Number of protein chains: 2
Amino acid sequence: MNIITIGREFGSGGRELGKKIAEMLGYKYYDKEIISTIAERHNLNENYVENGLISIPVPTINLTFGHSFVSPLYVDAPKTELLLEQRRVIEEIASKGENFVIIGRNSDVILQKYAPFNVFVTADLEDKIQRCLSRAKDNGENFTTKEIKRKIIKIDKARKRARFLITEKDWGHKNSYHIIVNSTGWNLDLLASSICSIANNYFKDLKPKNNERNDD
Amino acid sequence: MNIITIGREFGSGGRELGKKIAEMLGYKYYDKEIISTIAERHNLNENYVENGLISIPVPTINLTFGHSFVSPLYVDAPKTELLLEQRRVIEEIASKGENFVIIGRNSDVILQKYAPFNVFVTADLEDKIQRCLSRAKDNGENFTTKEIKRKIIKIDKARKRARFLITEKDWGHKNSYHIIVNSTGWNLDLLASSICSIANNYFKDLKPKNNERNDD
């Protein structure tokens, strides 16, 4: 089973890139499906689940789930339950044994025993602002450049904080991924095909050795 | 003219990787040649030049050479002269108009008007230690693991500091490069060929647009 995880900055096109990679390789694709599954199972509103998973509160002590997972004692209980459930859903997906691409959710850490190929997507700020503005317009929403910029910074800050609290790994840092790409200016089809080729080389040549990686 | 710049952590195999990329693409390769040129022109010892370029002193104010270059007023004069000379040599190389790969030396910043493809190579610490130990052994040198580890940390710290002082850009940070790769576990030939393919896509599709990049 081959897994590709895609971490990304908000507005970098990482989700679109992940979708293209999944299509090109004939892999399953998981992103919002995870939110829907949690919402359905627990009869919750999807927005509630999504927002709850983004806005992790600051715990009083440092928590990791590399091996042990967060303890519900120290963080907001319903949100911790959401995190635990998200982890379960991701593990269930992996237990099917199919090849897949998964977006965000610290899945590189959750799935590390399967030696996934871990990608992070960054982009120049101006480019992220333009992508978000055009996405908002498509959704009939109206934002100023300033508002979008503030949103990008806020969401990425939350992702960075949540990743560190939960995994003790740095978000978007070179130590955490096999490859980090800047999507600015790229035709995403071309970038996706480049990543498919490097991922295929990884699965062919590197994966068994990488199971023994020492991620310090 | 296509240029590939390779920033790298000490012991990551970045230099070897750059050499392979140059061979695969039929590009010229520049690394220590730059040191030799400076040494020859000024009748200096190569080791003096190399060490002088690594150990940049801390200036009293922040200096950049993105546009203006460092001012000899604020830093150790002979070392600043070395930096200026290195920059001149790198610009002379580019002025020949040939495709080339260049290792380190903040050449991504010096050559930014040519829109080079900028790669950074990282590796797991254990892997870097092993590579350095084996390299030292080949050179008949004897180091303990602890000594090598200290050396890796020291050299990379100096590179990080020098890059920031001179270019105001972060060393090894996702904002500074098109792609960052972790070389741990890879067969370097395979990794080099993956990078060649993505670099070729960049030169074919992205480069003109990238000349207008906003690197904030």
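It should be emphasised that the depicted structure is a prediction, and the values quoted were computed from it without experimental measurement.

Things to note about unusual backbone geometry
- The backbone phi angle of Ala115 of chain A is positive, close to 50°, even though this residue is not glycine.
- Tracing the backbone shows Ala115 of chain A in the loop between helix 5 (107-110) and strand 4 (117-122).
- One non-glycine residue, Arg105 of chain B, lies in positive phi territory at about 65°.

Here we look at the pairing of strand 5 (residues 179-182) of chain A
- Side chains Ile179 and Val181 of chain A of strand 5 of chain A all project onto a buried face; the interleaved residues Ile180 and Asn182 of chain A project onto the opposite face, where all are buried too.
- When strand 4 of chain A meets strand 5 of chain A, the two strands line up parallel, connected through four bridges. Paired with Thr122 of chain A across the two strands is Asn182 of chain A, which belongs to strand 5 of chain A.
- Direction of pairing for strand 5 of chain A relative to strand 5 (residues 179-182) of chain B: antiparallel, over a ladder of three bridges. Across the sheet, Ile179 of chain A pairs through a bridge with Val181 of chain B, a residue of strand 5 of chain B.

Structural notes on the relation of the copies chain B and chain A
- Mapping chain B onto chain A is achieved by rotating through 180° and translating by 0.0 Å along the same axis, at an RMSD of 0.0 Å. What we have between these two chains is a two-fold relation. Rotation axis and chain B: the residue whose C-alpha lies nearest the axis is Ile180 of chain B, separated from it by 2.5 Å.
- By residue overlap, the copies meet face to face through one surface: 100% of the interface positions of chain B are interface positions in chain A.

Remarks on the packing of aromatic side chains
- Scanning all chains against the criterion turns up 14 aromatic pairs over all chains.
- Between Tyr30 of chain A and Phe100 of chain A, the aromatic rings sit 5.5 Å apart at their centres with planes inclined by 85°, giving edge-to-face as the arrangement. With Tyr30 of chain A in strand 2 (residues 28-30) and Phe100 of chain A in strand 3 (residues 100-103), this pair connects stretches of sequence that are 70 residues apart. With respect to burial, Tyr30 of chain A and Phe100 of chain A carry one shared label: buried.
- Every member of this aromatic cluster is reached through a ring pair, and the members are Phe117, Tyr202 and Phe203 of chain A together with Trp186 of chain B.
- Lying across the ring of Phe10 of chain B, Arg135 of chain B places its NZ or CZ 5.7 Å from the centre.

Digging into the interface of chain B and chain A
- On the side of chain A, 37 residues touch chain B, which itself brings 36 residues to the contact.
- A buried area of about 2800 Å², summed over both sides, lies between chain B and chain A, and 53% of it is on carbon and sulfur atoms.
- The tally of links from chain B across to chain A stands at two salt bridges.
- The partner of Lys174 of chain A in a salt bridge is Glu9 of chain B, with the nearest N and O atoms 2.6 Å apart.
- The tally of links from chain B across to chain A stands at seven residue pairs in polar contact (both at pLDDT 80 or more).
- Mapped by element, the contributors of at least two residues to the side of chain B that touches chain A are strand 4 (117-122), helix 6 (125-138), strand 5 and helix 8 (188-210) of chain B.
- Per element, the largest residue contribution to the side of chain B that touches chain A is 12 residues, and it comes from helix 8 of chain B.

Rules used throughout
Residues numbered from 1 in each chain as written. Chains lettered and ligands numbered in written order. Predicted model: local features only at pLDDT ≥ 70, side-chain atom pairs only at ≥ 80, totals over all residues. Heavy atoms only, no water. Helix = DSSP H or I, 4+ residues; strand = E, 2+ residues; numbered from the N terminus. Buried < 20%, exposed > 50% of the residue type's maximum accessible area, 1.4 Å probe, protein only. Pairing = 2+ DSSP bridges. Least-squares fit on C-alpha atoms with pLDDT ≥ 70 in both. Contact = heavy atoms within 4.5 Å. Phe/Tyr/Trp six-rings, centres within 6.5 Å; stacked < 30°, edge-to-face > 60°. Lys NZ or Arg CZ within 6 Å of the ring centre and 35° of its normal. Buried area = accessible area lost by both parts, 1.4 Å probe. Salt bridge = Lys/Arg side-chain N within 4 Å of Asp/Glu carboxyl O. Polar contact = N/O pair within 3.5 Å; in protein donor to acceptor, adjacent residues only side chain to side chain.

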